Amino acid sequence: MRRYLADAAVLAHKDLRLELRARDTLPAMLLFVLSILAVFHFALPSGSSRLAELGLLWVAIVFTALLGLGRAFVAEREQGLLDGLVLAPCDRSAIWLAKGITMFAFLALAEVVALPAFGLFFSPVSWSTIAGVALADMGICAVGTLFAAMAAAGRARELLLPLLLLPPALPIVIGGVGASVAHGSGRYLGFLALYDAIFALLAWASFEYVVTE
Amino acid sequence: MIRAEALEKRYGLKRVLRGLDFELERGGFLVVTGPNGSGKTTLLRLCAGLALPTAGTLEVEPERGGIGFLGHEPLVYRELTALENLDLYGRLYRVPERRERIGMLLERFGLWEARRERASALSRGMLQRLALCRALLHRPELLLLDEPFAGLDAEGAALLDRELAGMRDRRTLLVATHDPERVAPLASGRLALA
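Draft legend 1. Looking closely at the overall build of chain A. In terms of regular secondary structure, chain A is built from nine helices and zero strands. In sequence order, chain A lays out its α and β elements as α-α-α-α-α-α-α-α-α. Its C-alpha radius of gyration of 17 Å places chain A within 12% of the 17 Å reference for a compact globule of 213 residues. Seen through its principal axes, chain A has C-alpha atoms that stretch 55 × 35 × 30 Å. Put simply, chain A has 213 residues, and 45% of those count as buried.

Shown next as structure tokens:
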């Protein structure tokens, strides 16, 4: 277990270092989430319900995640580097875990900017919304990293990733919006935690088959 | 050790390898030759476990941790330096005395001065040298080299000649090349793909 976590840490450190050098994913995610919130601010009629506002927040989060996940395997795909990682004597799911951790970090950083911006454009978010966003991020990154690896191997990858990710992301949006607006947000947070656990397990177990022929 | 029996590989309807039989004993040096599209790269990828046979059997020893693979791509991150790339692989392969081993390989392949250069700034020949360092880093028992002389200048090619000579009988080598005469004195056998 220690070896597995050490491998994942080495790979995640590499991904973070690559982003620090290239700076092409996180700035794009930040700019995108701020832009889309600004667009929603002007698109939504004044006097719209809190429910509609929060719905748009979740749309912005899912699409920002999609933008980041679309670039998750760019270096590996363009330079054939997945072969190098797959050949290493580490558990291949460590690649998934490392990418998932990196994507979670990027998404969380984008939301550190996006949630206060949402407060400025619309109204401040509650603690239950923040908890819902954190849990949703885990689910999106767990499932999204698996699908990003699958899409990276395909030709129409830009089309494939949203088609693969959006249907399984639907329960995350339902749970997230529920946690944001319902009185008993605990139920929805529990639902999101359960989703995370089940889908993370499925993605972890199937990643090996995605990166081998 | 590699043993292939009736090995076949198809990509869709295209048959790349057909009924291939060969055996490479531990410590052997097999040169794989053939025209473009004859399946040399596919054979090496099958042996590395990067592709699966469509039919037939393929036994390879050791498992992936003991295999060094040099393909068409250098398999290094362009945004990382030569040192960082080797350190990444050294950690994943758990190379003992990693720093010393990396330093020794960089010196031997003439990359020490360029160790802090990003791979994107290296020339084609230097990238090939870095790729060779990566493939040799974990002291693999089995080396699979696909066109290892590609991009190397005369000095680099001579360096690789010496490396291959030094590995003879100590490591198992499968080398795919368009220039079989270059490695012919070292080779224990030749496999010609049609």
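Next, the rest of the story.
Draft legend 2. Highlighting helix H8 (residues 157-181) of chain A. All names here are of chain A. Compared with the 36 Å implied by 1.5 Å per residue over 25 residues, the 35 Å span of H8 between its first and last C-alpha is a close match. If you look at H8, its biggest bend is around 40 degrees, right at alanine 169, and the proline proline 171 turns up within four residues after that. Every buried residue belonging to H8 is among Leu161, Leu165, Ala169, Ile172, Gly175, Gly176, Val177, Ala179 and Ser180, and all of these are buried. Buried residues along H8 sit in contact with helix H3 (50-69), helix H7 (127-153) and helix H9 (185-211).

Draft legend 3. Focus on the nonpolar core. Counting 125 residues, the largest nonpolar core has Leu130 and Leu144 of chain B as its most contacted members. A total of 15 residues in this core trace back to one element, the largest contributor, which is H7 of chain A. Counting residues domain by domain, this core receives three or more from each of domain 1 (1-62 + 142-194) and domain 2 (77-140) of chain B. If we ignore the near neighbours within four places in the chain, the residues touching leucine 144 of chain B are Leu44, Cys47, Ala48, Ile67, Phe69 and Leu174 of chain B.

Draft legend 4. Just the interface of chain B and chain A, in detail. Every contact between the two is made by 20 residues of chain B and, on the other side, 19 residues of chain A. Those elements that place two or more of their residues in the side of chain B that touches chain A are strand E5 (67-70) and helix H2 (82-92) of chain B. For the side of chain B that touches chain A, the element with the highest residue contribution is H2 of chain B, accounting for four residues.

Draft legend 5. Region of the structure containing the pairing of strand E2 (residues 14-24) of chain B. Residue and element names in this part refer to chain B. Here strand E1 (residues 2-11) pairs with E2 via seven bridges, running antiparallel. Residue lysine 9 lies in a different strand from E2, and its bridge partner there is leucine 17. The turn joining E1 and E2, which pair antiparallel and follow one another in sequence, is formed by two residues; a positive phi near 65 degrees is taken by glycine 12.

Draft legend 6. Region of the structure containing the environment of valine 113 of chain A. Residues and elements named next belong to chain A. Positionally, valine 113 belongs in helix H6 (residues 93-121). Separated by 83 residues in sequence, valine 113 and leucine 30 place their C-alpha atoms 7.3 Å apart. Not counting the four nearest positions on each side in its chain, valine 113 is found in contact with Leu30, Val33 and Leu34.

Draft legend 7. Highlighting the sheet that holds strand E8 (residues 189-192) of chain B. Residues and elements named next belong to chain B. Read from one edge of the open sheet, five strands run E5-E6-E7-E3-E8, paired in parallel fashion. Only two strands of the sheet have a single partner each, and these edge strands are E5 and E8. The average undirected angle you get between the axes of adjacent strands in this sheet is 15 degrees. Pairing geometry for E5 and strand E6 (residues 142-146), over four bridges, is parallel. Among the inter-strand pairings, isoleucine 67 is bridged to a residue of E6, identified as leucine 142. Helix H1 (residues 40-48) rests against strand E3 (29-33), E5, E6 and strand E7 (172-176) of the sheet, and its axis sits at about 155 degrees to E6.

Draft legend 8. Representation of the domain arrangement of chain B. Residues and elements named next belong to chain B. In terms of domains, chain B is made up of domain 1 (1-62 + 142-194) and domain 2 (77-140). A separation of 23 Å is found between the C-alpha centroids of domain 1 and domain 2. In this assembly, 11 residues from domain 1 lie in contact with eight residues from domain 2. Of all elements in the fold, only E6 and helix H5 (154-167) reach the threshold of two or more residues within the side of domain 1 that touches domain 2. Of the residues that constitute the side of domain 1 that touches domain 2, the class distribution is seven nonpolar, two polar and two charged.

Draft legend 9. The environment of methionine 138 of chain A, seen in detail. Here methionine 138 of chain A is to be found in helix H7. Along the backbone, methionine 138 of chain A and alanine 193 of chain A are 55 residues apart, and their C-alpha atoms lie at a distance of 8.8 Å.

Draft legend 10. Quick peek at unusual backbone geometry. All names here are of chain B. The residue after glutamate 61, namely proline 62, is reached through a cis peptide bond having omega 5 degrees. Inspection of the secondary structure puts proline 62 in the loop between strand E4 (55-60) and E5. Backbone geometry places arginine 94, a non-glycine residue, at a positive phi of 50 degrees. When you line up the elements, arginine 94 lands in the loop between H2 and helix H3 (98-108). The class for arginine 94 is partly exposed, based on 15 C-beta atoms found within 10 Å. Phi is positive for arginine 139, which is not a glycine, with a value near 50 degrees.

The rules behind the values
- Residues numbered from 1 in each chain as written.
- Chains lettered and ligands numbered in written order.
- Predicted model: local features only at pLDDT ≥ 70, side-chain atom pairs only at ≥ 80, totals over all residues.
- Helix = DSSP H or I, 4+ residues; strand = E, 2+ residues; numbered from the N terminus.
- Rg over C-alpha atoms; globule rule 2.2 N^0.38 Å.
- Buried ≥ 20, exposed ≤ 12 C-beta atoms within 10 Å, placed from the backbone.
- Expected span 1.5 Å × (residues − 1).
- Bend = angle between axes of the 7 residues up to and from the residue.
- Contact = placed C-beta atoms within 7 Å.
- Core = buried A, V, L, I, M, F, W, Y, C linked by C-beta atoms within 7 Å.
- Domains from an automatic or database assignment.
- Pairing = 2+ DSSP bridges.
- Axes fitted to C-alpha atoms, helices over the stretch in contact; angles between N-to-C directions.
- Nonpolar A, V, L, I, M, F, W, Y, C, P; charged D, E, K, R; others polar.

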